[in-house]
Amino acid sequence: MLFAETWVPCKDGRQALLRSPRESDAAELLQLLRRCTGETEFLLRSPEECDISLQQEIAFVRRLNESGDSLMLVCLVEGEMVGNCQINFYQQRKMRHRASVGIMLQRKHWGLGLGTAMLRQLLDVAKERGLMQVELEVIEGNERAIGLYKKLGFEMVAAKPDAIRLKDGGLCKEYFMVKRL
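Thresholds applied
- Residues numbered from 1 in each chain as written.
- Predicted model: local features only at pLDDT ≥ 70, side-chain atom pairs only at ≥ 80, totals over all residues.
- Heavy atoms only, no water.
- Helix = DSSP H or I, 4+ residues; strand = E, 2+ residues; numbered from the N terminus.
- Rg over C-alpha atoms; globule rule 2.2 N^0.38 Å.
- Buried < 20%, exposed > 50% of the residue type's maximum accessible area, 1.4 Å probe, protein only.
- Contact = heavy atoms within 4.5 Å.
- Areas by Shrake-Rupley, 256 points an atom, 1.4 Å probe, with all protein chains shown as cover.
- Lys, Arg positive; Asp, Glu negative; His and termini not counted.
- Charge placed at Lys NZ, Arg CZ, Asp CG, Glu CD.
- Phe/Tyr/Trp six-rings, centres within 6.5 Å; stacked < 30°, edge-to-face > 60°.
- Lys NZ or Arg CZ within 6 Å of the ring centre and 35° of its normal.
- Expected span 1.5 Å × (residues − 1).
- Arc of directions from axis to C-beta.
- Axes fitted to C-alpha atoms, helices over the stretch in contact; angles between N-to-C directions.
- Parallel < 35°, antiparallel > 145°, perpendicular 65-115°, else oblique.
- 1 Å grid on protein atoms, 1.4 Å probe; cavity = no way out; pocket = protein on both sides within 12 Å on 5 of 7 lines; lining within 4 Å.
- Points joined across faces, edges and corners; volume = space filled by probe spheres on them.
- Nonpolar A, V, L, I, M, F, W, Y, C, P; charged D, E, K, R; others polar.
- Patch = residues over 30% accessible without salt bridge, like charges linked within 9 Å, V, L, I, M, F, W, Y side chains within 5 Å.
- Salt bridge = Lys/Arg side-chain N within 4 Å of Asp/Glu carboxyl O.

Looking at the overall build of the chain
Okay, step 1: From N to C terminus, the chain includes four helices and eight strands.
Okay, step 2: Against the compact-globule benchmark of 16 Å for 181 residues, the chain has a radius of gyration of 16 Å, which places it among compact chains.
Okay, step 3: Taking the principal axes of the C-alpha coordinates as reference, the chain spans close to 40 × 40 × 35 Å.
Okay, step 4: Expressed as a percentage of its 181 residues, the buried residues of the chain come to 46%.
Okay, step 5: Long-range contacts, defined here as pairs at least 24 residues apart, represent 61% of the contacts in the chain between residues at least 6 apart.
Okay, step 6: A total of about 9,700 Å² of accessible surface is found on the chain, and carbon and sulfur atoms cover 49% of it.
Okay, step 7: Here the chain contributes 27 positive and 25 negative side-chain charges, whose respective centroids are spaced 5 Å apart.

Description of the packing of aromatic side chains
Okay, step 1: With the rule as written, the count across this model stands at one aromatic pair.
Okay, step 2: Stacked on the ring of Tyr90, the Lys or Arg Arg98 has its end atom at 4.8 Å from the ring centre.

Quick look at helix α1 (residues 26-39)
Since the α-helix packs 3.6 residues into each turn, any two residues three or four apart lie on the same face.
Okay, step 1: The first and last C-alpha atoms of α1 sit 20 Å apart over 14 residues, in line with the 20 Å expected at 1.5 Å per residue.
Okay, step 2: Residues Ala26, Leu29, Leu30, Leu32, Leu33, Cys36 and Thr37 constitute the buried set of α1. Viewed end-on, α1 has its buried residues packed into an arc of 160 degrees, placing them on one side of the element.
Okay, step 3: Of the surrounding elements, those touching the buried residues of α1 are α2 (54-66), β3 (70-77), β4 (80-89) and β5 (98-105).

What about the packing of α1 against α2?
Okay, step 1: One can describe the packing of α1 onto α2 by two numbers: an axis separation of 9 Å at closest approach and a directional angle of 105 degrees. Classed by the angle they form, the pair α1 and α2 counts as roughly perpendicular. Along its contact with α1, which presents Ala26, Ala27, Leu29 and Leu30, the element α2 presents Leu54, Glu57, Ile58 and Val61.

Digging into the layout of surface pockets
Okay, step 1: When its volume is computed, the largest pocket comes out at roughly 1,400 Å³.
Okay, step 2: If you trace the largest pocket, you find 48 residues lining it, with Leu43, Asn84, Gly102, Ile103 and Met104 closest to the centre.
Okay, step 3: Of all the secondary-structure elements, those providing two or more residues to the lining of the largest pocket are α1, α2, β4, β5, α3 (114-128), β6 (133-139) and α4 (143-151).
Okay, step 4: Class assignment for the residues of the lining of the largest pocket results in 23 nonpolar, 15 polar and 10 charged.
Okay, step 5: Here the second largest pocket is characterised by a volume of approximately 190 Å³.
Okay, step 6: Along the wall of the second largest pocket there are 14 residues; nearest its centre are Glu41, Leu43, Leu44, Arg45 and Ser46.
Okay, step 7: For the lining of the second largest pocket, the secondary structure elements donating two or more residues are α1 and β7 (155-165).

Considering a positive patch on the surface
Okay, step 1: There is a patch of like positive charges on the surface, built from Lys11, Arg107, Arg120, Arg144 and Lys151.
Okay, step 2: Here Lys151 is to be found in helix α4.
Okay, step 3: On the accessibility criterion, Lys151 (53% relative accessible area) is exposed.

As structure tokens, then:
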């Protein structure tokens, strides 16, 4: 699924471009993934688990853009890819009223309103498709993300105890949040 390019303001006065990824973005997408997974424990992968080949990433981007059941947006600030987000629409008849979202953003761009802008775009797409709810999972302790999700109307509805094991061996809950549209 493709997304029309959209400019959004950053809180620091710069402009960010939101658009669909291109196959030519594959190497930069992999760098972003490795960078972001190294900056926080709150993503589901560790940098060493990002062993995706360039060819695999190109094929992934191609599938996303040709798909009717997924949409990814990349976020660029001053030409640098700083984040992305994705919505996946359920295709099973009993679940077609729902979708799940995920997001990642480089730490140096936190607090600029980019996470809010990206998620609002995904929520608008979900509303246009007539969905009834959007869902996400978030790791216990990720208060910045939980605050963002609550600001956008997501509610915490469940918790999986000891769902996430950190590098230091500590265990965290994974919260399930829902926004009704």
